[in-house]
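This is what each chain is made of:
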Number of protein chains: 2
Amino acid sequence: MTFSTLSDFRNLLAAAPAADEAARAAAVERNGQLTKPPGALGRLEDLAVWFAGWRGTDRPRCDRPQVIVFAGNHGVVAQGVSAFPAEVTVQMVANFRHGGAAINQLARAFGAEMAVHALELERPVVDFTTGPAMDEAEVVAALRRGWEAVDPTADVLVVGEMGIGNTTPAAALAAALFGGGAESWVGRGTGVDDAGLARKADAVARGLALHAAVLGDPLQVLRCLGGRELAAMAGAIARARVERVPVVLDGFICTASAAVLEKAVAGSLDHCVAGHVSAEGAHGRLLAALGKEPLLNLGLRLGEGSGAALALGVVKGALACHSGMATFAEAGVSGG
Amino acid sequence: MTFSTLSDFRNLLAAAPAADEAARAAAVERNGQLTKPPGALGRLEDLAVWFAGWRGTDRPRCDRPQVIVFAGNHGVVAQGVSAFPAEVTVQMVANFRHGGAAINQLARAFGAEMAVHALELERPVVDFTTGPAMDEAEVVAALRRGWEAVDPTADVLVVGEMGIGNTTPAAALAAALFGGGAESWVGRGTGVDDAGLARKADAVARGLALHAAVLGDPLQVLRCLGGRELAAMAGAIARARVERVPVVLDGFICTASAAVLEKAVAGSLDHCVAGHVSAEGAHGRLLAALGKEPLLNLGLRLGEGSGAALALGVVKGALACHSGMATFAEAGVSGG
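These figures come from a predicted structure and were not determined experimentally. Along each chain, the written sequence defines residue order, and numbers are assigned to residues from 1. To read the labels, note that chains go from A and ligands from 1, taken in the order they are written. pLDDT decides what is reported in this predicted model: residues at 70 or higher carry local features, side-chain atom pairs at 80 or more are listed and counted, and totals for whole chains, interfaces and linings draw on all residues regardless. With hydrogens and water set aside, each side-chain value is computed from the structure's full complement of heavy atoms.

### Considerations on the overall build of chain A
Spelled out, the test is: In DSSP terms, a helix is any run of H or I states spanning at least four residues, a strand is any run of E spanning at least two, and both are numbered starting from the N terminus. What the globule rule says is 2.2 Å times the number of residues to the power 0.38, and the radius of gyration is computed from C-alpha atoms. Only protein chains enter the accessibility calculation, which uses a 1.4 Å probe. A residue is then buried if its area is under 20% of the maximum for its type, exposed if over 50%, and partly exposed in between. The contact criterion used is simple: two residues touch if any of their non-hydrogen atoms lie within 4.5 Å.
Along the backbone of chain A there are 14 helices and five strands. Computed over the C-alpha atoms, the radius of gyration of chain A is 20 Å, within 12% of the 20 Å expected from 2.2 N^0.38 for a compact globule of 336 residues. Considering chain A as a whole, with its 336 residues, one finds that 63% of them fall into the buried category. Expressed as a percentage of contacts within chain A between residues at least 6 apart in sequence, the contacts between residues at least 24 apart total 79%.

### Digging into the interface of chain B and chain A
Stated precisely, the cut-off is as follows: A quick way to say it: buried area is the sum, across both parts, of accessible area lost when two parts are put together, with a 1.4 Å probe. When a carboxyl oxygen of Asp or Glu lies within 4 Å of a side-chain nitrogen of Lys or Arg, that pair is called a salt bridge. Polar contact criterion, stated in full: a pair of N or O atoms within 3.5 Å, where within protein one must be able to donate a hydrogen and the other to accept it, and residues adjacent in sequence count only if both atoms are side-chain atoms. Gly falls in the polar group here, along with every residue not listed as nonpolar (Ala, Val, Leu, Ile, Met, Phe, Trp, Tyr, Cys, Pro) or charged (Asp, Glu, Lys, Arg).
Between chain B and chain A, the contact holds 46 residues from the first and 46 residues from the second. Here chain B packs against chain A, burying approximately 3,600 Å² in sum over the two surfaces, 70% of which is carbon and sulfur. Put simply, chain B and chain A have zero salt bridges between them. The tally of links from chain B across to chain A stands at 14 residue pairs in polar contact (both at pLDDT 80 or more). Residue assignment for the side of chain B that touches chain A shows that the elements contributing at least two residues are helix H3 (43–55), helix H4 (87–98), helix H5 (102–109) and helix H13 (306–324) of chain B. At seven residues, the largest contribution of residues to the side of chain B that touches chain A is made by H13(B). Residues that form the side of chain B that touches chain A fall into these classes: 27 nonpolar, 15 polar and four charged.

### Some thoughts on the relation of the copies chain B and chain A
Convention followed: We superpose the copies by least squares over the C-alpha atoms of residues that have a pLDDT of at least 70 in both of them.
Rotating chain B by 180° about the axis while translating it 0.0 Å along that axis superimposes it on chain A, leaving an RMSD of 0.0 Å. What the rotation and shift describe, once combined, is the action of a two-fold rotation axis. For chain B, the smallest separation between a C-alpha atom and the rotation axis is recorded for B:Gly313, amounting to 2.5 Å. When you check the interface residues of chain B against chain A, 100% turn up at the interface there too, and the contact is symmetric in its surfaces.

### Considering the nonpolar core
What counts here: Among buried residues, those of type Ala, Val, Leu, Ile, Met, Phe, Trp, Tyr and Cys that are joined through side-chain atoms within 4.5 Å constitute a nonpolar core.
In this structure, A:Phe96, A:Val248, A:Leu295, B:Phe96, B:Val248 and B:Leu295 are the most contacted members of the largest nonpolar core, which totals 98 residues. In this structure, B:Phe96 is in contact with B:Val69, B:Ala101, B:Ile103, B:Asn104, B:Met114, B:Val116, B:Met162 and B:Glu304, ignoring residues within four places of it in sequence.

### Things to note about helix H1 (residues 6–14) of chain B
For the α-helix, the turn length of 3.6 residues means that residues three or four positions removed from each other point alike. All names here are of chain B. Note the cut-off: Directions are taken from the helix axis to each C-beta atom, and the arc is the one they span.
Buried within H1 we find Leu6, Phe9, Leu12 and Leu13. When H1 is viewed along its axis, its buried side chains cluster within an angular range of 120° and face the same direction. Contact partners of the buried residues in H1: helix H6 (136–149), helix H9 (218–225), helix H10 (228–243) and helix H11 (252–264).

### Comments concerning the pairing of strand E1 (residues 65–71) of chain A
Residues and elements named next belong to chain A. We apply this condition: Strands qualify as paired when DSSP identifies two bridges or more between them.
For E1, the buried fraction is high: seven of the seven residues fall into the buried class. Here E1 shows two buried faces, one formed by Pro65, Val67, Val69 and Ala71 and the other by Gln66, Ile68 and Phe70. Sheet analysis places E1 next to strand E3 (residues 156–162), joined by seven bridges and oriented parallel. Of the residues in E3, the one forming a bridge with glutamine 66 is leucine 157.

### A closer look at unusual backbone geometry
Even without being a glycine, A:Glu120 presents a positive backbone phi close to 45°. Tracing the backbone through its elements, the reader meets A:Glu120 in the loop between strand E2 (113–118) and helix H6 (136–149).

### Structural notes on the confidence of the model for chain A
Atomic detail in the predicted coordinates should be set aside for any region of low pLDDT. Under the convention used in this document: Confidence per residue, as judged by the predictor, is encoded in pLDDT with a range of 0 to 100.
Looking at chain A, the pLDDT average stands at 97 and 99% of residues meet or exceed 70. Among the scores for the predicted complex, ipTM is 0.97 and pTM is 0.98.

### Examining the environment of A:Asp127
Residue and element names in this part refer to chain A. Checked against the element boundaries, aspartate 127 lands in the loop between E2 and H6. Aspartate 127 gets classed as buried once you look at its relative accessible area, which sits at 9%. In the structure, aspartate 127 is positioned 100 residues away from glycine 227 in sequence and 9.8 Å away in space, judged by C-alpha atoms. With near-sequence residues (within four places) excluded, aspartate 127 lies in contact with Gly75, Val76 and Gln79.

### So, helix H12 (residues 281–290) of chain A
Residues and elements named next belong to chain A. If you check which residues of H12 are buried, you get Ala282, His283, Leu286, Leu287 and Leu290. Summarising the axial view, the buried residues of H12 lie within an arc of 140°, below the 170-degree limit, and thus occupy one face. Across from the buried face of H12, at angles greater than 90 degrees, the exposed residues are Gly281 and Ala288. Where the residues of H12 are buried, they touch helix H7 (167–178), helix H11 (252–264) and strand E5 (272–274). Phi turns positive one or two residues past the end of H12, at glycine 291, with a value near 70°.

### Structural notes on the sheet that holds strand E4 (residues 247–249) of chain A
By definition, the strands of a sheet pair up through backbone hydrogen bonds, in either a parallel or an antiparallel sense. Residue and element names in this part refer to chain A. Just so we agree on the cut-off: Angles here are taken between N-to-C directions and fall from 0 to 180 degrees, while the axes themselves are lines fitted to C-alpha atoms, restricted in helices to the stretch in contact.
The five strands lie next to each other as E2-E1-E3-E4-E5, forming an open sheet whose pairing is parallel. The strands lining the two open edges of the sheet, one partner per strand, are E2 and E5. Neighbour-to-neighbour, the strand axes of this sheet turn through a mean angle of 25°, independent of strand direction. As judged from the six bridges shared by E1 and E2, these two strands associate in the parallel manner. Residue pairing in the sheet places valine 67 in a bridge with methionine 114 of E2.

### Comments concerning the pattern of salt bridges
Taken as a whole, this structure holds 22 salt bridges over all chains when the rule is applied. Across the salt bridge formed by A:Arg228 and A:Glu120, the nearest N and O atoms sit 3.8 Å from each other. Taken together, the residues A:Arg228 in helix H10 (residues 228–243) and A:Glu120 in the loop between E2 and H6 connect sequence positions 108 residues apart. Residue A:Arg228 is classed as buried on the basis of its relative accessible area, which comes to 3%. Of the residues examined, A:Glu120 reaches a relative accessible area of 35% and is grouped as partly exposed. Here B:Arg61 and B:Asp63 are joined by a salt bridge, their closest N and O atoms 3.3 Å apart. What makes B:Arg61 exposed here is its relative accessible area of 52%. According to the relative accessible area criterion, B:Asp63 is partly exposed, its value standing at 44%. Through salt bridges with shared partners, a single ionic network connects A:Glu120, A:Arg123, A:Glu138 and A:Arg228.

Have a look at this one:
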């Protein structure tokens, strides 16, 4: 199962299976028999039932999480949109490979297997204020890189990113997909000042104007305004949808990539939960537009998949309770 | 180090050591050198620095969490304040001992050692609408039970409770310590109906009136309006303060018990972080009164230490990042 055009990719996504309703119903039934007052585990109960449907079992586990970090570089950094120089992307990839970054520590803490994919860092995508970021072959290659990176035997997936300047294409995607203008989707990223923020808004506005003809086609939006690591995240999330592997979404950039899929084929993110809402102001609005309630709200704004990996703790806790607790009958407790 | 009167207990608490400022300052210094933009890990950074101060090292670990669940019964259930019968307390203690409850799964998921202490379940404390819940010997015994249950080699502590009817004494403690009237501190607990809620408010109001003479003395408030498991939680949190073991607070009942200590000796909860805010409405107000911002907000209302145990995932993630990440210099990343 693979694809060689954006049209094939869209068709695969549209043909993805639904969640297993029988498993979901069995999980609801089990939840009602566990030794606790009804609803007392709050959102953990909804999370476990949802997870059960995607995994096709009423007692799902979360023993094999996978974390994949995709890295890319961006021509648009020439517009002065980032507080850090572009060479930090390749330096951080080395840091991921040596185990020194935040995501390495979080992946280890929650027992996740971690993979890092650097996507042609020496060849940044085209500055989208001057032309399409990628041609079709490039965006398809990036989507496939993500698609093929997914371990279909994983029981939950986190995708993260590293790419100096990539809150700018993410804002461009969000603005293209949801409207509202450039200013409402740009933020300070890793810490640009007021002038940098104004340059981001200006770059996004110019990108939207230049690519106005494709704004109605989400996959063309990804091609013209995105980047390789954004496309790779979308490809991985799509593959997980097809394999019925639940995904924990990370921050603004990850969510903007994911939103491309939902806009291309409604329901494409039904297997996704929002791991956290980040300190990047537009992230909360983007999640609201997608109808996703975040699990955590701790002011993170790092990317790398860090907020989603941290939320693996909540997922693990939810499944441990759901799949491990005794029922009223098993425990001989009154009130079931 | 022990105590045989409430006065001795208070003196021990008042003599507890402060956090290690040098370790805290070293952790701040280390945090500033880690391979991430400044502040990008949000609340995880504050949590790690705070933890470092209490543990007295700039690179703290969270490898040996302890979870202790205390159970007690309450004469005030005779007032019709609970949706469940009192025998559920002993049944749930058996469930804890057999590993079937939510807290067992969460403790296991986060690598915590778990202990269960049942406090004279066959002998409920006196209905506080008819007299003091405990005499001095009883409350001191319960405080000591908690004090002695703490493993001083643990690196973080969660205390939880089980006790049918115990949101009512918790509301009474909160009302006695913070004012505002009975109605503002009672809630639906494990699920009482409107009539049950009115009976809870009435019982609390009568308790406050009966014990009006002691409302200015927090430890007497605990004796007259509390219960054995509430006193034991307070004793354990106090011991952790003395041993400089950080505590993750659970829900409304745990926080009400903890509040007794803060009101008795200001600063007694400086080693505590709020693990979550529960669905019991008064919990958010109680945390605000204590100046504690919760780590999680997932609609839990189970008790047992469940919300705090779930928050151990966040604590572990914070410390894994802080203590495990590479510095800019170590990783050769620009921008440090």
